[in-house]
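Per-entry structural report
Listed below, chain by chain, are the residues.
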Amino acid sequence: MTRMWGINPKLMCDQHLLGEHSEMHQEVGTLRNHAHGRKVVEGHAEENQIDTSLIQERHDDLVEELERRGFEHDSPMDYRDKLDLGEINIEKNIKELAERCEECRERMTDSNVI
Ligand SMILES: [Zn+2]
Ligand SMILES: [Zn+2]
């Protein structure tokens, strides 16, 4: 499932950082390459899975942390949002990710976020 977590990248494990990063590219690719892309992305926005206005900034924040951890990044993004669709709830996402992933949970606990 597509999900823009929006959580401070330092609180996320490598796997979830990489996953969210590629999902940001997928959303942009879907908008650009599919005739029905807008509908697909609207669907994600309606489920509060993404906020299109944050895609570029979020991508860049994720990349900054991935590079800090030694991952190479060769997929620059140049997306200017005109849709302004969707909203994400970061507090809720923190709780959900903590339930789903032990490594993310440990990072959050260590940082006294949960
Ligand atoms: Zn990228
Ligand atoms: Zn994780």
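Residues numbered from 1 in each chain as written. Chains lettered and ligands numbered in written order. Predicted model: local features only at pLDDT ≥ 70, side-chain atom pairs only at ≥ 80, totals over all residues. Heavy atoms only, no water.

Protein coordination at the zinc ion (ligand 1): the donors are His-21 (NE2), His-25 (NE2), His-59 (NE2), His-73 (NE2), Ser-75 (O) and Ser-75 (OG), at 2.0 to 2.5 Å from the metal. Look at His-25 and you get partly exposed, because its relative accessible area is 23%. The buried category is assigned to His-59, whose relative accessible area is 1%. (Donors = N, O, S within 2.8 Å, 3.2 Å for Na, K, Ca; no water. Buried < 20%, exposed > 50% of the residue type's maximum accessible area, 1.4 Å probe, protein only.)

The residue Asn-48 is not glycine, and still its phi comes out positive at about 60°. Note that Asn-48 resides in the loop between helix H2 (37–46) and helix H3 (55–68). Look at Asn-48 and you get partly exposed, because its relative accessible area is 43%. Of note, Asp-84 is a non-glycine position whose phi angle comes to about 50°, a positive value. Relative to the assigned elements, Asp-84 resides in the loop between H3 and helix H4 (90–100). (Helix = DSSP H or I, 4+ residues; strand = E, 2+ residues; numbered from the N terminus.)

Here we take up the coordination of the zinc ion (ligand 2). For the zinc ion (ligand 2), the protein coordination sphere consists of Cys-13 (SG), His-16 (ND1), Cys-101 (SG) and Cys-104 (SG), at 2.0 to 2.3 Å. Here the zinc ion (ligand 2) binds four donor atoms, and the angle range of 100 to 115° at the metal identifies the geometry as tetrahedral. For the zinc ion (ligand 2), the donor residues sit on a single chain with the sequence spacing C-x2-H-x84-C-x2-C. One end of the pair, His-16, is in helix H1 (residues 14–33); the other, Cys-101, is in the loop between H4 and helix H5 (102–110), and 85 residues separate them in sequence. Each member of the pair His-16 and Cys-101 is classed as buried. (Tetrahedral: all angles 85-135°; square planar, octahedral: opposite > 155°, others 65-115°.)

This part takes up the side chain of Arg-58. Looking at where Arg-58 falls in the secondary structure, it is placed in helix H3. Looking at Arg-58, its side chain comes within polar contact range of the side chain of Glu-20, at 2.7 Å. Not counting chain neighbours up to four residues away, the residues in contact with Arg-58 comprise Met-4, Trp-5, Gly-6, Ile-7, Pro-9, Met-12, Glu-20 and Met-24. (Polar contact = N/O pair within 3.5 Å; in protein donor to acceptor, adjacent residues only side chain to side chain. Contact = heavy atoms within 4.5 Å.)

Any functional reading would require information beyond the geometric quantities listed.
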